[in-house]
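Results of the structural survey
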Amino acid sequence: MSEEVSLSLDEVRRISTDVLKAGGLSQEHAEAIAGVIYAGQRDECHSHGMYRLLGCVRSVKEGKVNPSALPDVVDHAPAIVRVNAHYGFSPLAFARGRPLLVEKARRTGLAAMAINNCYHFSALWPEVEAICADGLVALAMTPSHSWVAPAGGKKPVFGTNPIAFAWPRPDGPPFVFDFATSAIARGEIELHRRAGKPIPTGWAIDSEGNPTNDATAALAGAMLTFGGHKGSALSAMIELMAGPLIGDMTSAESMAFDGGVGAAPCHGELILAFDPNVFLGADAAQHVARAEKMFDAIVGQGARLPSQRRYEARERSKANGVRIPRALYDDLQALLPR
Ligand code: NDP
Ligand code: PYC
């Protein structure tokens, strides 16, 4: 039997929505979550594609997530939108708050959206890409659960704390990067464990503080930051900006709030949007063209831009559909009504 199953993109969206609804999520949440999971699978971001459905459903079953919470969008200040997710998953909160964030950025040049009290499991690039589609520059960050040791330490303090950035380009998809400030997303270690594969050195230490290539030992120990003290400082910044600054939990507090249940992390998210037209007025196009020179200098020497792999995967998936491990497919089928 093949170790993989082929799915069309329509099937990815339908299975995702059905699994989420069968897991108790309201129609609105199921559609919002299925949208980001569809995007992740389509762009071959396997750690944040259909695999995430398992964690979403488990987080609802454990009684942590409010599966039908309706987010409140609050016009908090001239340049600040607040969204209270009321302990639902974040994608619906983001979708509800985004129009006001964009409107404010266009009015003030720089606006922020703070999402509070959300369960968060998703990649951030779908969010910065969506803001960028409105011609804005975007930056997003969020803590998670404390799984990551600070540089020089051995005990987890930080979350895997992703940061994502998007810059609109005149003749093509935006320049986007989105990565964990840990050496790798935790989801990638979980996928290695599911596949029975060793992890590269440098991703994690075991519970004794020794380097490990064993995914299970890594998940029980501590993950490492990328770039040593630099990733560690960035991770601390994310804890502060998307934690205390917006009145929400740090990764350590999110872990304590979880109480050992193993649900998705619960905390806040900070998203910033900048409007080049307000910063630059009539000169905007001229300066955006200068940015293109920098991109040319990168690709002109054979290096690649972040998201280039993703955009190529997107085209492949649109043409051929996607492939997921049979074990994942079977796990998802088991969550559907018989
Ligand atoms: P990676 O270490 O794979 O880094 C991903 C980023 O780096 C992408 O923008 C990728 O572009 C780019 N990139 C990778 N290789 C190159 C290269 N050779 N040249 C140029 N750019 C490159 O991903 P992570 O494991 O750190 O994170 C994966 C995802 O996990 C992210 O989407 C993140 O949002 C998500 N995540 C979410 C968390 C949450 O709490 N919600 C927590 C942690 C992670 P490309 O995609 O084109 O390869
Ligand atoms: O992969 O590190 C991760 C992660 C944490 C929360 C969502 N994804």
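Treat the numbers as computed from the prediction; the structure is a model and nothing was measured.

**Notes on the overall build of the chain**
- When you go through the chain residue by residue, the secondary structure sums to 13 helices and eleven strands.
- Taken against the 2.2 N^0.38 rule, which gives 20 Å for 338 residues, the C-alpha radius of gyration of the chain at 20 Å falls within 12% of a compact globule.
- With respect to the principal axes defined by its C-alpha atoms, the chain has extents near 60 × 50 × 45 Å.
- Evaluated residue by residue, the chain yields a buried proportion of 52% over its 338 residues.
- Across the chain, the fraction of contacts at a sequence separation of at least 24, relative to all contacts at a separation of at least 6, is 68%.
- Of the roughly 15,000 Å² that the chain leaves accessible, carbon and sulfur atoms contribute 55%.
- Treating the 33 positive side-chain charges of the chain as one cloud and the 36 negative ones as another, the clouds have centres 1 Å apart.

**Details of the site of ligand 2**
- All residues in the neighbourhood of ligand 2 are listed as H48, R52, H120, F121, W147, T160, A185, R186 and G187.
- The separation between a nitrogen atom of ligand 2 and a polar side-chain atom of H48 is 2.8 Å.
- In the model, an oxygen atom of ligand 2 is placed 3.0 Å from a nitrogen or oxygen of the R52 side chain.
- Taken together, the residues that form the shell around ligand 2 break down as three nonpolar, four polar and two charged.
- Residues lining the shell around ligand 2 come from more than one domain, with at least three contributed by each of domain 1 (4-182 + 225-281 + 321-333) and domain 2 (183-224).

**Quick word on the sheet that holds strand β2 (residues 72-77)**
- With mixed pairing, seven strands are arranged side by side in an open sheet as β2-β3-β4-β10-β5-β6-β7. Both outer strands of the open sheet, β2 and β7 (172-180), are each paired with one neighbouring strand and no more. Each strand axis lies, on average, 15° off the axis of its neighbour in the sheet, ignoring direction.
- In terms of strand pairing, strand β5 (residues 137-141) meets strand β10 (residues 266-274) through five bridges, oriented antiparallel. Paired with V137 across the strands is F274, a residue of β10.
- The strands touched by helix α4 (residues 90-108) are β2, β3 (80-89), β4 (110-119) and β10; relative to β4, the strand with the most contacts, the crossing angle is about 165°.
- Running over the sheet, helix α5 (residues 125-132) touches β5, β6 (162-169), β7 and β10 and is turned about 25° from β6.

**What about the domain arrangement of the chain?**
- Per the domain assignment, the segments of the chain are domain 1 (4-182 + 225-281 + 321-333) and domain 2 (183-224).
- Domain 1 and domain 2 are separated by 22 Å when their C-alpha centres are compared.
- Opposite the 20 residues of domain 1 that make contact, domain 2 presents 15 residues.
- Of the roughly 1,300 Å² buried between domain 1 and domain 2 on both sides combined, carbon and sulfur atoms contribute 59%.
- Summed over the three residues of domain 1 that lose the most area to domain 2, namely Y51, W147 and K154, the buried surface amounts to 39% of that side.

**Some remarks on a nonpolar patch on the surface**
- A grouping of L110, F279 and L280 is seen on the molecular surface, where their side chains present a nonpolar patch of about 270 Å² in accessible area.
- Along the chain, L110 falls in strand β4.

**Quick look at the pattern of salt bridges**
- Taken as a whole and assessed by the stated rule, the structure comprises 16 salt bridges.
- With a closest N to O distance of 3.5 Å, D134 and R98 form a salt bridge. One end of the pair, D134, is in the loop between α5 and β5; the other, R98, is in helix α4, with 36 residues separating them in the sequence.
- Ionic contacts of the salt-bridge type, sharing partners, join the residues R42, D43, E129, R310 and R314 into one network.

**Description of the site of ligand 1**
- Contacts to ligand 1 come from 22 residues, most closely from S122, D178, A180, S307 and R309.
- With respect to ligand 1, the side chain of H120 contributes an N or O atom lying 3.1 Å from a nitrogen atom.
- A180 is positioned with one of its backbone polar atoms (N or O) 2.8 Å from an oxygen atom of ligand 1.
- In the complex, the protein chains occlude 75% of the 930 Å² of accessible area that ligand 1 would expose alone.
- Those elements that place two or more of their residues in the shell around ligand 1 are β7 and α12 (308-320).
- Here the shell around ligand 1 takes four residues from β7, the largest share from any one element.
- Considered class by class, the residues forming the shell around ligand 1 number eleven nonpolar, seven polar and four charged.

**A few points about the packing of α4 against α5**
- Their axes nearest at 11 Å, the elements α4 and α5 cross at an angle of 30°. One finds that α4 runs roughly parallel with respect to α5. Along this stretch, α4 crosses α5, giving a crossing that reads as right-handed. Listed contacts from α5 to F94, R98 and L101 of α4 are E127, A130 and I131.
- Class assignment for the residues of the contact of α4 with α5 results in four nonpolar, no polar and two charged.

Definitions and cut-offs
Residues numbered from 1 in each chain as written. Chains lettered and ligands numbered in written order. Predicted model: local features only at pLDDT ≥ 70, side-chain atom pairs only at ≥ 80, totals over all residues. Heavy atoms only, no water. Helix = DSSP H or I, 4+ residues; strand = E, 2+ residues; numbered from the N terminus. Rg over C-alpha atoms; globule rule 2.2 N^0.38 Å. Buried < 20%, exposed > 50% of the residue type's maximum accessible area, 1.4 Å probe, protein only. Contact = heavy atoms within 4.5 Å. Areas by Shrake-Rupley, 256 points an atom, 1.4 Å probe, with all protein chains shown as cover. Lys, Arg positive; Asp, Glu negative; His and termini not counted. Charge placed at Lys NZ, Arg CZ, Asp CG, Glu CD. Near = heavy atom within 4 Å. Polar contact = N/O pair within 3.5 Å; in protein donor to acceptor, adjacent residues only side chain to side chain. Nonpolar A, V, L, I, M, F, W, Y, C, P; charged D, E, K, R; others polar. Domains from an automatic or database assignment. Pairing = 2+ DSSP bridges. Axes fitted to C-alpha atoms, helices over the stretch in contact; angles between N-to-C directions. Buried area = accessible area lost by both parts, 1.4 Å probe. Patch = residues over 30% accessible without salt bridge, like charges linked within 9 Å, V, L, I, M, F, W, Y side chains within 5 Å. Salt bridge = Lys/Arg side-chain N within 4 Å of Asp/Glu carboxyl O. Parallel < 35°, antiparallel > 145°, perpendicular 65-115°, else oblique. Left-handed = near helix turned anticlockwise from the far one by under 90°.

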